[in-house]
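# Residue-level structural notes
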Amino acid sequence: MSGFLFCPLASGSSGNCAYASLNGAGILIDAGLSGIRAEKAIAGVGNAKSLKAIFATHEHIDHICGMGVLSRRYRIPVYATQATWDSFDNRGSIGKVDKFLKKVITPGVPVEISGMEVEAFRIPHDAADPVGYIVRADGKKAVVATDIGHATDEVRRGIADSDALILESNHDLDMLWNGRYPRVLKERINGDKGHLSNDAAGELLACAVTGRLKRVYLGHLSEENNSPLIAYCAAAAALGKLGAKHVSLLVAERHLPSEVVEL
Ligand SMILES: [Zn+2]
Ligand SMILES: [Zn+2]
């Protein structure tokens, strides 16, 4: 396959990783899988040796645990905001990365990787300087937007006019509040810097749906406070209300690569 490809390789609290490629040159957004799991997942859609960059959304372990390993093994540059790098360095969370492979990304300032233009946008989440990512190529736009406490104008702008979107649909509000998590954790998840509920994801879809939106992957589902069916039905209902019958809706696989979309 060639062209501009996009898909989640894993999604959820056990590991997040998304893949985009243009004419065979790939990038990862997050690498929250062990190095071995990440290599296997990448082999399903491309080749780890063709990875040109890894972009970090934030320092939580479910987004970074294979990042250092992959960077060292294949000499892949890692991009993160300065505050996220500071957090990596303070905690040693991704191990030692060669200084030539350490790249700082500034939200709103795109970088070019093998013909793809990658731009970070700020998201509200309980991390040092969390971001989502826009990948543009061939006049198309793919977006990763997970770990979002609430919709902000920057998030709305980030997902607007996209052709493919990984959107967080973390929890069902009833399941969360009636579930077994301690109250303080429920409040963190549902808080302004926590995670996006199915309902909130449904509302955000209104900002993303246009005639060009081809594929939505619902991502970062809670294993405890959601189910793929409930999340799917909530988003399908939201798309139905928007008259968006042309949009293909998938729940991202938790442990496996999801079906690739060619843009
Ligand atoms: Zn997080
Ligand atoms: Zn996360």
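Values in this document were obtained by computation on a predicted structure and should not be read as measured data.

Attention shifts here to the packing of helix α1 (residues 35–43) against helix α3 (residues 67–74). Helix-helix packing is characterised by the crossing angle of the two axes and by the distance between the axes. Direction vectors running N to C along α1 and α3 enclose 70 degrees, while the axes themselves pass 8 Å from each other. For the element pair α1 / α3, the angle class is roughly perpendicular. The two elements α1 and α3 meet at a crossing, and its hand is right-handed. Facing Gly35, Ala38 and Glu39 of α1, the residues of α3 in contact are Val69, Leu70, Arg73 and Tyr74. Grouping the amino acids of the contact of α1 with α3 by side-chain chemistry returns four nonpolar, one polar and two charged.

Summed over the entire model, instances satisfying the criterion amount to 13 salt bridges. Across the salt bridge formed by Glu224 and Arg180, the nearest N and O atoms sit 2.6 Å from each other. In this pair, Glu224 sits in the loop between β12 (215–219) and α9 (228–241) while Arg180 sits in the loop between α6 (173–178) and α7 (183–190), placing the two residues 44 residues apart along the sequence. Judged by its relative accessible area of 26%, Glu224 falls in the partly exposed class. On the accessibility criterion, Arg180 (69% relative accessible area) is exposed. Each member of the salt-bridge network shares a partner with another, and the members are Glu117, Glu119 and Arg136.

Before going further, it helps to examine the pairing of strand β3 (residues 25–29). Taken across its five residues, β3 has five buried, putting it largely inside the fold. Every second residue of β3 is oriented toward a common face, with Ala25, Ile27 and Ile29 on one face and Gly26 and Leu28 on the other, all of them buried. Pairing analysis gives five bridges linking strand β2 (residues 17–22) to β3, with the strands arranged antiparallel. Residue Ala20 lies in a different strand from β3, and its bridge partner there is Ile27. Hairpin connection, β2 to β3: the antiparallel pair is bridged by two residues, and Asn23 has positive phi, about 50 degrees. The sheet contact formed by β3 and strand β4 (residues 51–55) spans four bridges and is parallel. Bridging across to β4, Leu28 finds its partner in Ile54. Crossover β3 to β4 through α1 is right-handed.

Definitions and cut-offs
- Residues numbered from 1 in each chain as written.
- Chains lettered and ligands numbered in written order.
- Predicted model: local features only at pLDDT ≥ 70, side-chain atom pairs only at ≥ 80, totals over all residues.
- Heavy atoms only, no water.
- Axes fitted to C-alpha atoms, helices over the stretch in contact; angles between N-to-C directions.
- Helix = DSSP H or I, 4+ residues; strand = E, 2+ residues; numbered from the N terminus.
- Parallel < 35°, antiparallel > 145°, perpendicular 65-115°, else oblique.
- Left-handed = near helix turned anticlockwise from the far one by under 90°.
- Contact = heavy atoms within 4.5 Å.
- Nonpolar A, V, L, I, M, F, W, Y, C, P; charged D, E, K, R; others polar.
- Salt bridge = Lys/Arg side-chain N within 4 Å of Asp/Glu carboxyl O.
- Buried < 20%, exposed > 50% of the residue type's maximum accessible area, 1.4 Å probe, protein only.
- Pairing = 2+ DSSP bridges.
- Right-handed = clockwise from strand over helix to strand, strands pointing away.

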